Amino acid sequence: MPIEIHRIDDRLIHGQVVVGWGQPLGIGLLVMVDDDVAASEWEQELYRMGVPPEMDVRFESVADAVRHYPDHTADPRRGMLITGDIETMERLVAGLASGTIREVNLGGVHHRAGRSQRMRYVFLTPDEELALRGMAGRGVSIVARDVPSARPVPLADVLAGRGEG
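Residues numbered from 1 in each chain as written. Predicted model: local features only at pLDDT ≥ 70, side-chain atom pairs only at ≥ 80, totals over all residues. Heavy atoms only, no water.

1. Let's talk about the packing of helix α5 (residues 86-95) against helix α6 (residues 126-137)
Here is step 1 of the chain: Contact geometry for α5 and α6: axes closest at 10 Å, N-to-C directions at 25°. The orientation of α5 with respect to α6, classified from their angle, is roughly parallel. The handedness of the crossing between α5 and α6 is left-handed. The residues of α6 that touch α5, namely those facing Ile-86, Met-89, Glu-90 and Val-93, are Glu-128, Ala-131, Leu-132 and Met-135.
Here is step 2 of the chain: Of the residues in the contact of α5 with α6, the class split is six nonpolar, no polar and two charged. (Axes fitted to C-alpha atoms, helices over the stretch in contact; angles between N-to-C directions. Helix = DSSP H or I, 4+ residues; strand = E, 2+ residues; numbered from the N terminus. Parallel < 35°, antiparallel > 145°, perpendicular 65-115°, else oblique. Left-handed = near helix turned anticlockwise from the far one by under 90°. Contact = heavy atoms within 4.5 Å. Nonpolar A, V, L, I, M, F, W, Y, C, P; charged D, E, K, R; others polar.)

This is the structure:
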């Protein structure tokens, strides 16, 4: 099965990902792409505790995720790939053949210094906006959507602050 969803969420694995997305979509494989977590056994163990036993979770660096992407898409289970930030997703998209990732879900990029609010759950720096536009320029559809039942909001509407209302 292909990876059903490519998600950016700065909380990485949490209830909304596992219950809100994983259960309705029947996700059996969760691939977390994060260079730091991939190098830390104890962080992996913490995240693994939040994943139900029927869901397999893999922790990979960007380089490993690029190398193993064909294996993930060949897995018979439905998959979700998640990164904790836009820069990591951008590196993954750039490392794969053009058209491999068709859509990225902007799921939760929360407030921090230097970010401006675009939606209730999306705050972006100018560099993050450029990275999203760059991915879109490579043919990746970027949509904001916090839960599967929500209306997908196209990147242009997110950047214009027209995502909610």
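2. Overview of the nonpolar core
Here is step 1 of the chain: Grouped together as the largest cluster of nonpolar side chains are 32 residues, with contacts concentrated most on Ile-86 and Leu-106.
Here is step 2 of the chain: In terms of residue count, the dominant contributor to this core is α5 (four residues).
Here is step 3 of the chain: Core analysis: the next-biggest nonpolar cluster, separate from the first, contains 16 residues, Ile-5, Leu-12, Leu-30 and Met-32 among them. (Core = buried A, V, L, I, M, F, W, Y, C linked by side-chain atoms within 4.5 Å. Buried < 20%, exposed > 50% of the residue type's maximum accessible area, 1.4 Å probe, protein only.)

3. Brief notes about the pattern of salt bridges
Here is step 1 of the chain: For the structure shown, the criterion picks out 17 salt bridges.
Here is step 2 of the chain: Note that Arg-58 is salt-bridged to Asp-75, the shortest N-O span being 3.8 Å. Of the two residues, Arg-58 is situated in strand β3 (residues 56-60) and Asp-75 in the loop between α4 (62-74) and β4 (78-83); the sequence distance between them amounts to 17 residues.
Here is step 3 of the chain: Taking relative accessible area as the criterion, Asp-75 reaches 10% and is therefore assigned buried.
Here is step 4 of the chain: Arg-91 is the partner of Glu-87 in a salt bridge, and the nearest nitrogen-oxygen pair spans 3.8 Å. Residue Glu-87 and its partner Arg-91 are both found in helix α5; the two are separated by four residues, about one turn of the helix.
Here is step 5 of the chain: A relative accessible area of 33% means that Arg-91 is categorised as partly exposed.
Here is step 6 of the chain: One continuous salt-bridge network, built from bridges that share partners, spans Asp-10, Arg-112, Arg-115 and Glu-128. (Salt bridge = Lys/Arg side-chain N within 4 Å of Asp/Glu carboxyl O.)

4. Remarks on the side chain of Ser-61
Here is step 1 of the chain: Relative to the helices and strands, Ser-61 is located in the loop between β3 and α4.
Here is step 2 of the chain: Under the relative-accessibility criterion, Ser-61 is labelled buried at 16%.
Here is step 3 of the chain: Reaching out from Ser-61, the side chain makes a polar contact with the backbone nitrogen of Asp-64 at a distance of 3.1 Å.
Here is step 4 of the chain: The residues contacting Ser-61, other than those within four sequence positions of it, are Val-33, Asp-34, Asp-35 and Ala-38. (Polar contact = N/O pair within 3.5 Å; in protein donor to acceptor, adjacent residues only side chain to side chain.)

5. Re the sheet that holds strand β2 (residues 27-33)
Here is step 1 of the chain: Spatially, β3-β2-β4-β1-β5-β8-β9 is the arrangement adopted by the seven strands of the open sheet, whose pairing is mixed. At either end of the open sheet lies a strand with only one pairing partner, and these are β3 and β9 (153-154). (Pairing = 2+ DSSP bridges.)

6. Section: α4
Here is step 1 of the chain: Taking 1.5 Å per residue as the helical rise, α4 with its 13 residues ought to reach 18 Å, and the 18 Å between its terminal C-alpha atoms agrees with that figure.
Here is step 2 of the chain: Those residues of α4 lying buried are Val-62, Ala-65, Tyr-69 and His-72.
Here is step 3 of the chain: Packing partners of the buried residues in α4 comprise β1 (3-9), β2, α2 (35-38), β3, β4 and α5. (Expected span 1.5 Å × (residues − 1).)

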